[in-house]
Amino acid sequence: MRKFILALAVLPFLMAGCGKETIVHVHQGCVESFYIDVYPNHWVDDYGLPYIYASFSAPEITPDVIEDGIVVAYYIDGDGRDNMLPYLLPYRDGNTDYLYYENVRFDMSPGEITFIIEDSDFEHASVVSPMKFKVSVAK
């Protein structure tokens, strides 16, 4: 009951900020998108790490973009849908029919993007078919 009363007491203070002037910064730039096909032989498996990764040149990702822009990456599934990263990709183990998940995510640095896959069981992930990614960069 005490928590409920405390929540009611705090609610007016939280609502007081509503209706204030909103400041919106608009960047006069553009959004550039490009696609990267990642084949099974592109993935690097450093044994000892619980994930695999594939790095690619991305000159669109500049220090200015990292500081003041935005980079969004998507995994494009077999049906052509864009799935924003990070994305949990489900798959079944053929031996036990147990449902696993692969955490598909990305990292970036100026001029480079790295896609990372980590299995939910923290074993080495493996990729047997090509994967397609879409990267959108707003400058």
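Nothing here was measured: the structure is a model prediction, and the numbers come from that model.

Reading guide: rules and limits
- Residues numbered from 1 in each chain as written.
- Predicted model: local features only at pLDDT ≥ 70, side-chain atom pairs only at ≥ 80, totals over all residues.
- Heavy atoms only, no water.
- Helix = DSSP H or I, 4+ residues; strand = E, 2+ residues; numbered from the N terminus.
- Contact = heavy atoms within 4.5 Å.
- Areas by Shrake-Rupley, 256 points an atom, 1.4 Å probe, with all protein chains shown as cover.
- Phe/Tyr/Trp six-rings, centres within 6.5 Å; stacked < 30°, edge-to-face > 60°.
- Buried < 20%, exposed > 50% of the residue type's maximum accessible area, 1.4 Å probe, protein only.
- Lys NZ or Arg CZ within 6 Å of the ring centre and 35° of its normal.
- Pairing = 2+ DSSP bridges.
- Axes fitted to C-alpha atoms, helices over the stretch in contact; angles between N-to-C directions.
- Polar contact = N/O pair within 3.5 Å; in protein donor to acceptor, adjacent residues only side chain to side chain.
- pLDDT = per-residue confidence, 0-100.

Caption draft 1: Looking closely at the overall build of the chain. On a plain count of helices and strands, the chain comes out with 2 helices and 8 strands. For the chain, the N- to C-terminal ordering of α and β elements is α-β-β-α-β-β-β-β-β-β. Within the chain, counting contacts between residues at least 6 apart in sequence, those at least 24 apart form 60% of the total. As presented, the chain carries roughly 9700 Å² of accessible surface, and 57% of it is formed by carbon and sulfur atoms.

Caption draft 2: Region of interest: the packing of aromatic side chains. All told, the structure shown has 5 aromatic pairs when counted by the stated rule. Ring geometry for phenylalanine 56 versus phenylalanine 115: centroids 6.3 Å apart, planes at 55°, classification tilted. Pair noted here: phenylalanine 56 is in strand S2 (residues 51-58) and phenylalanine 115 is in strand S7 (residues 111-119), with a separation of 59 residues, a long-range link. Each of the two residues, phenylalanine 56 as well as phenylalanine 115, counts as buried. Stacked on the ring of tyrosine 51, the Lys or Arg arginine 105 has its end atom at 5.8 Å from the ring centre. In this structure, lysine 134 is placed above the aromatic ring of tyrosine 74, and the distance from its NZ or CZ to the ring centre is 5.3 Å.

Caption draft 3: Focus on the sheet that holds strand S8 (residues 131-138). Here 4 strands make up an open sheet; going across it, the order is S1-S8-S3-S4 and the pairing antiparallel. Each end of this open sheet is capped by a strand with a single partner; those strands are strand S1 (31-38) and strand S4 (82-84). The sheet shows a mean angle of 30° between the axes of neighbouring strands, direction not considered. Inspection of the sheet shows strand S3 (residues 70-76) paired to S4 by 3 bridges, in the antiparallel sense. The residue bridging tyrosine 75 from the neighbouring strand is asparagine 83, located in S4.

Caption draft 4: Representation of the sheet that holds S7 in the model. With antiparallel pairing, 4 strands are arranged side by side in an open sheet as S2-S7-S6-S5. Looking at the sheet topology across the chains shown, the edges are occupied by S2 and strand S5 (87-92). On average, each strand axis in the sheet is inclined to that of its neighbour by 25°, with strand direction left out of account.

Caption draft 5: The arrangement of the environment of aspartate 77 in detail. For aspartate 77, the position within the fold is in the loop between S3 and S4. Considered as a pair, aspartate 77 and leucine 89 are 12 residues apart in the sequence and their alpha carbons are 9.4 Å apart. A polar contact is formed between the side chain of aspartate 77 and the backbone nitrogen of aspartate 79, at a distance of 3.0 Å. There is a polar contact of 2.9 Å between the side chain of aspartate 77 and the backbone nitrogen of arginine 81.

Caption draft 6: Highlighting the confidence of the model for the chain. Per-residue pLDDT for the chain averages 81, and the proportion of residues at 70 or more is 76%. pLDDT under 50 marks residues 2-26. Its contacts with residues more than four places away, or in other chains, come to 0 contacts.

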